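Overview (structure and organization)
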Amino acid sequence: MTAIESNVKLDAKGLACPMPIVRTKKVMKDLEAGQVLEVEATDKGSKADMKAWAESTGHQYLGTIEEGDVLKHYLRKASGEETAERTYPHVADHAQLEEKLQSGAPIVVLDVREAAEFAFEHIPNAVSMPLGELDKRMDELNKQDEIYVICRTGTRSDMAAQKLAANGFTDIVNVVPGMSGWGGQTKSMND
């Protein structure tokens, strides 16, 4: 296999979401426009996360190479005017989502974590659609539904909310901080 040239390498092996993205942001700030960053990660969800993060910040996601358990992600830094990171403006906290769920309002809870994360704990009746599958599966959702997007911390759900809004979904809310602090009712594969 041909080795891919990179200007800087980042070791994010052993780190779980959102840490590979957090470390990538930090290193990317110090690169010059046009330089390529290689991020080594072992978190399988990092492939979708890196791609979505790059899209949301204007950087270029070049691709990922798998070598055993290690994913090597390649990102090219864009020029300054391209990289103003956007955050999705419509957010709800846990109390607001819990209130919506208890009211019986016709909402959709869209969980964009990886399938394994969802299996171990999720909000009852939530729809599992990992961020990496969103492009292929978003036609399974109704563009007029009120959709609350959740992940573990609010980072992947932010990227998913932006993507849905850009594709014509009209009532999207990002749940922050996500399942990491959720105290409401949950289900798991053991229920």
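About the criteria used
Residues numbered from 1 in each chain as written. Predicted model: local features only at pLDDT ≥ 70, side-chain atom pairs only at ≥ 80, totals over all residues. Heavy atoms only, no water. Helix = DSSP H or I, 4+ residues; strand = E, 2+ residues; numbered from the N terminus. Rg over C-alpha atoms; globule rule 2.2 N^0.38 Å. Buried < 20%, exposed > 50% of the residue type's maximum accessible area, 1.4 Å probe, protein only. Contact = heavy atoms within 4.5 Å. Lys, Arg positive; Asp, Glu negative; His and termini not counted. Charge placed at Lys NZ, Arg CZ, Asp CG, Glu CD. Core = buried A, V, L, I, M, F, W, Y, C linked by side-chain atoms within 4.5 Å. Pairing = 2+ DSSP bridges. Axes fitted to C-alpha atoms, helices over the stretch in contact; angles between N-to-C directions. Salt bridge = Lys/Arg side-chain N within 4 Å of Asp/Glu carboxyl O.

Digging into the overall build of the protein chain
- Tallying secondary structure elements over the protein chain gives six helices and nine strands in all.
- Here the C-alpha atoms of the protein chain give a radius of gyration of 17 Å, agreeing with the 16 Å that 2.2 N^0.38 yields for 191 residues.
- Dimensions of the protein chain, computed from the C-alpha atoms along their principal axes, are close to 55 × 40 × 25 Å.
- When each of the 191 residues of the protein chain is scored for burial, the buried share is 46%.
- Across the protein chain, every contact between residues at least 6 apart in sequence was considered, and the portion connecting residues at least 24 apart equals 72%.
- Of the side-chain charges in the protein chain, 22 are positive and 31 negative, and the distance between the mean point of each set is 3 Å.

Some points on the nonpolar core
- Leu110 and Leu164 are the most contacted members of the largest nonpolar core, which totals 32 residues.
- Residue assignment for this core shows that the elements contributing at least two residues are β1 (8-12), α1 (19-30), β2 (36-41), α2 (46-57), β6 (107-111), β8 (146-150) and α6 (155-166).
- For this core, the element with the most residues is α2, which contributes five residues.
- Not counting residues up to four positions away in its chain, the partners in contact with Leu110 are Val127, Met129, Leu134, Leu141, Ile147, Tyr148, Val149, Ile150 and Leu164.
- Core analysis: the next-biggest nonpolar cluster, separate from the first, contains 13 residues, Ile107, Val109, Ile123 and Trp182 among them.

Some details on the sheet that holds strand β9 (residues 171-175)
- The five strands are arranged β5-β9-β8-β6-β7 in an open sheet whose pairing can be described as parallel. Edge positions in the open sheet fall to β5 (91-92) and β7 (127-128), since each of these has one partner strand only.
- As paired elements, β5 and β9 share two bridges and run parallel to each other. Across the sheet, residue Ala92 finds its bridge partner in β9, namely Val175.
- Set on the sheet, helix α3 (residues 94-103) makes contact with β5, β6, β8 and β9; between it and β6 the angle comes to about 130°.

Observations regarding the pattern of salt bridges
- Overall, the coordinates contain 13 salt bridges when judged by the stated rule.
- Among the salt bridges present, the one from Glu40 reaches Lys13, with a minimum N-O distance of 2.9 Å. Placement of Glu40 in strand β2 and of Lys13 in the loop between β1 and α1 is noted, with a sequence separation of 27 residues between them.
- As a salt-bridge pair, Arg137 and Glu133 come within 2.8 Å of each other at their nearest N and O atoms.
- Judged by its relative accessible area of 30%, Glu133 is partly exposed.

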